[in-house]
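# Inside the fold
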Amino acid sequence: GIIVEMSLCACVPRGILQAKEGKRRAQEFRGLGDAYKRQVSELDMKIARATLFPKLDFDAGYNYNRTKSPASVTSLNRSNGPYWGFSLSVDIFNRLENRRKIRNAKLDMENAALSYQEAEQQVKADLAQLYNTYENNLQIVSFEEESERVAFDNLDAALEKYKLGTLPGIEFREFQRSYIDAVD
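A short tour of the structure in this document, coming up. Since the model is a prediction, treat every value here as computed from it, not as a measurement.

A separate point is the overall build of the protein chain. Regarding its fold elements, the protein chain presents three helices and four strands. Sorting the 184 residues of the protein chain into buried and exposed places 13% on the buried side. Sequence separation of at least 24 residues holds for 63% of the intrachain contacts in the protein chain that already meet a minimum separation of 6. Summing over all exposed atoms, the protein chain offers an accessible surface of approximately 15000 Å²; the carbon and sulfur share of this is 55%.

What follows is the structure, encoded as structure tokens:
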């Protein structure tokens, strides 16, 4: 048979509570992967858009150079000191490629959003199916218990008729088999 556990404190079957907890955990788990894909797509979009703007670079450092040459006019040449500088650059030849990258990034973002929605709908559908299966199993248990009770009542009535002599032994045996089938 099927065993159904009941929670006495809330009078709600544990399976329902577990189904709700399972639904929450499944949505979190599937949502994490899809949320990650969405974030990656958003960052790709930002990177693609960044190519449209000028680029500003800063360079800094320290040089030390010492040259010693006996055959030259100066026998020792030394230079040292810090340096720094800025550079500004603008891509003017990659405009079409940049626009293509932006369009592709937008499509990736839309695909990630659709993937997230699809995963969410799939989790909801799976959980609804599991819950319906659970409810059907509860009904089957109820029907089996009712069938067992009816078979017992029939067996009890058949036993009384058998004791009175109004029921042949073969028919009584059929009531016993019916009860055994209902119990199993």
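Structure's up, so let's keep going.
Glancing now at helix α2 (residues 95-164). Between its terminal C-alpha atoms α2 stretches 103 Å, which fits the 104 Å expected from 70 residues at 1.5 Å a residue. Looking only at α2, the buried set comprises Asn98, Ile102, Ala105, Ala112, Ala119, Val123, Leu127, Val141, Ala151, Leu155 and Ala158. Looking one or two residues past α2, Gly165 carries a phi angle of roughly 90°, positive in sign.

Our next topic: the packing of aromatic side chains. Following the criterion strictly, the structure yields five aromatic pairs and no others. Considering the side-chain rings of Phe58 and Phe86, the 4.9 Å spacing of their centres and the 50° angle between planes classify their relative orientation as tilted. One end of the pair, Phe58, is in strand β3 (residues 55-68); the other, Phe86, is in strand β4 (residues 76-89), with 28 residues separating them in the sequence. Comparing Phe58 with Phe86 shows no difference in burial state: the two are exposed. Between Phe152 and Tyr179 the ring centres are 5.9 Å apart and the planes differ by 55°, which places this aromatic pair in the tilted class. Placement of the pair is Phe152 in helix α2 and Tyr179 in helix α3 (residues 169-183), with a sequence separation of 27 residues. Using a relative accessible area of 23% as the deciding quantity, one classes Tyr179 as partly exposed. An aromatic cluster is defined as three or more aromatic residues linked by ring pairs; in this entry it consists of Phe58, Trp84 and Phe86. A cation over an aromatic ring shows up here: Arg38 above the ring of Tyr116, its NZ or CZ 4.7 Å from the ring centre.

The subject of this paragraph is the packing of α2 against α3. Between α2 and α3, the shortest axis-to-axis distance is 9 Å and the interhelical angle comes to 160°. Accordingly, the angle class assigned to the pair α2 and α3 is roughly antiparallel. Note on packing geometry: the crossing formed by α2 with α3 is left-handed. Within the contact between the two elements, α2 uses Ser147, Glu148, Ala151, Phe152, Asn154, Leu155, Ala158, Leu159 and Tyr162 and α3 uses Gly169, Phe172, Phe175, Gln176, Ser178, Tyr179, Ala182 and Val183. Partitioning the contact of α2 with α3 into residue classes produces eleven nonpolar, five polar and one charged.

Moving on, we come to the side chain of Ser41. Position of Ser41 among the secondary structure elements: in helix α1 (residues 14-50). Among the residues examined, Ser41 registers a relative accessible area of 7% and is labelled buried. Non-local contacts of Ser41, meaning those with residues more than four positions away in its chain, are made with Asp108, Met109 and Ala112.

Each value, and the rule that gives it
- Residues numbered from 1 in each chain as written.
- Predicted model: local features only at pLDDT ≥ 70, side-chain atom pairs only at ≥ 80, totals over all residues.
- Heavy atoms only, no water.
- Helix = DSSP H or I, 4+ residues; strand = E, 2+ residues; numbered from the N terminus.
- Buried < 20%, exposed > 50% of the residue type's maximum accessible area, 1.4 Å probe, protein only.
- Contact = heavy atoms within 4.5 Å.
- Areas by Shrake-Rupley, 256 points an atom, 1.4 Å probe, with all protein chains shown as cover.
- Expected span 1.5 Å × (residues − 1).
- Phe/Tyr/Trp six-rings, centres within 6.5 Å; stacked < 30°, edge-to-face > 60°.
- Lys NZ or Arg CZ within 6 Å of the ring centre and 35° of its normal.
- Axes fitted to C-alpha atoms, helices over the stretch in contact; angles between N-to-C directions.
- Parallel < 35°, antiparallel > 145°, perpendicular 65-115°, else oblique.
- Left-handed = near helix turned anticlockwise from the far one by under 90°.
- Nonpolar A, V, L, I, M, F, W, Y, C, P; charged D, E, K, R; others polar.

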